[in-house]
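For reference, the chains in residue letters:
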Amino acid sequence: MKPNEYDILNIFLEKMDEKGESRKMVSLSIDDTMLELMNTKYNKQLSLDELKKLADRCFANEWLEHFVLGAGKYGELILTTTGFGVARSLQKKKEALKNRTLLKKTSDYIEDHKGLFVFLGSIIALVGLLIKIFSGVNT
C-alpha cells in the first residue's frame, strides 16, 4: 500500500508525541528529510514530487497551514485543528481495529466478503439440488 496524505498527518502526530508539544509548536517541511522519513517508515520509494502532491491534498482539505511566512509553499507547516482531528480520529480507528476480539474480526471478515459467501452458498445449494435430481433418476 502506497503512502497517502493521512501518512503525512501521522508523521506530524508522531513528532508531537516525540517532542511532547502541541500541534501549534511542531512544524515540519516537505523536503528531503520528510521524504526519507516517509520512505523509511512506509518502506516505499516515494519521490519528492509525489510527496508534494500528498501535501497539496492536505492543503486542499485544510489539514495543513503555513507556520512561518516566507518559508515557501512546503516549508514550516503545522497541522490545523481539522488536520489534528482527522489524524487523531484515524489513529483511534486503527487502534480499535487492532484491539478487536476474534469473534468481531471473523464477523467483519464475513461482512467484507459477503458476496463470496453468497456465491459459495449458491454453488453448494445448486450441487445439492443436482445430486437430489440425479440420485432420484437412477433408482
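The structure reproduced in this document is the subject of the present report.

Cut-offs used in this document
Residues numbered from 1 in each chain as written. Predicted model: local features only at pLDDT ≥ 70, side-chain atom pairs only at ≥ 80, totals over all residues. Heavy atoms only, no water. Helix = DSSP H or I, 4+ residues; strand = E, 2+ residues; numbered from the N terminus. Rg over C-alpha atoms; globule rule 2.2 N^0.38 Å. Buried < 20%, exposed > 50% of the residue type's maximum accessible area, 1.4 Å probe, protein only. Contact = heavy atoms within 4.5 Å. Expected span 1.5 Å × (residues − 1). Polar contact = N/O pair within 3.5 Å; in protein donor to acceptor, adjacent residues only side chain to side chain. Core = buried A, V, L, I, M, F, W, Y, C linked by side-chain atoms within 4.5 Å. Phe/Tyr/Trp six-rings, centres within 6.5 Å; stacked < 30°, edge-to-face > 60°. 1 Å grid on protein atoms, 1.4 Å probe; cavity = no way out; pocket = protein on both sides within 12 Å on 5 of 7 lines; lining within 4 Å. Points joined across faces, edges and corners; volume = space filled by probe spheres on them. Nonpolar A, V, L, I, M, F, W, Y, C, P; charged D, E, K, R; others polar.

What follows concerns the overall build of the protein chain. Each helix and strand counted, the protein chain has six helices and two strands in total. Helices and strands in the protein chain line up, N terminus first, as α-α-α-β-β-α-α-α. Over its C-alpha trace the protein chain gives a radius of gyration of 25 Å, far above what one expects of a compact globule, namely 14 Å for 139 residues. In terms of its C-alpha atoms, the protein chain occupies a principal-axis envelope of roughly 90 × 30 × 25 Å. Counting over 139 residues, the protein chain shows a buried share of 27%. Put simply, 51% of the contacts in the protein chain that link residues at least 6 apart link residues at least 24 apart.

We now examine helix 1 (residues 5-19). For helix 1, with 15 residues, the first-to-last C-alpha span of 22 Å sits near the 21 Å given by 1.5 Å per residue. If you follow the buried residues of helix 1, they end up packed against helix 2 (32-42), helix 3 (48-60), strand 1 (64-66), strand 2 (77-79) and helix 4 (81-98). You can read the cap of helix 1 off the contacts: a side-chain oxygen lies 2.9 Å from the backbone nitrogen of Tyr-6, and it is on Asn-4. Positioned one or two residues after helix 1, Gly-20 has a phi angle of 70°, which is positive.

Quick look at the nonpolar core now. Ranked by size, the top nonpolar core spans 24 residues in total, and within it Ile-8, Phe-12, Met-34, Met-38, Leu-51 and Leu-64 carry the most contacts. Listed by contribution, the elements that provide at least two residues to this core are helix 1, helix 2, helix 3 and strand 2. By residue number, the principal contributor to this core is helix 1, which donates six residues. The residues contacting Ile-8, other than those within four sequence positions of it, are Met-38, Leu-51, Leu-54, Ala-55, Cys-58 and Leu-64.

Once that is clear, we can look at the packing of aromatic side chains. Taken as a whole, this structure holds two aromatic pairs when the rule is applied. Their ring planes at 35° and their centres at 5.4 Å tell us that Tyr-6 and Trp-63 sit as a pair that is tilted. You can see Tyr-6 sitting in helix 1 and its partner Trp-63 sitting in the loop between helix 3 and strand 1, a full 57 residues away along the chain. Here Trp-63 falls in the buried class, since its relative accessible area comes to 8%.

With that settled, the discussion passes to the environment of Leu-64. For Leu-64, the position within the fold is in strand 1. For Leu-64 and Tyr-74, which are 10 residues apart along the polypeptide, the C-alpha to C-alpha distance reads 9.9 Å. Excluding residues within four positions of it along the chain, Leu-64 makes contact with Ile-8, Phe-12, Cys-58, Phe-59, Leu-77, Ile-78, Leu-79 and Thr-80.

This paragraph deals with the environment of Glu-5. Within the fold, Glu-5 resides in helix 1. Remark: the alpha-carbon pair of Glu-5 and Leu-51, spanning 46 residues in sequence, is separated by 8.5 Å.

For the largest pocket, the calculated volume is near 370 Å³. Together, 16 residues line the largest pocket, and Tyr-6, Asp-7, Asn-10, Leu-90 and Lys-94 are the ones closest to its centre. Listing elements by their share of the lining of the largest pocket, those giving two or more residues are helix 1 and helix 4. Of all the elements, helix 4 adds the most residues to the lining of the largest pocket, at seven residues. Its residues assigned to classes, the lining of the largest pocket shows six nonpolar, three polar and seven charged. The computed volume of the second largest pocket comes to approximately 170 Å³.

Scope: geometric values only; no functional claims are made or implied.
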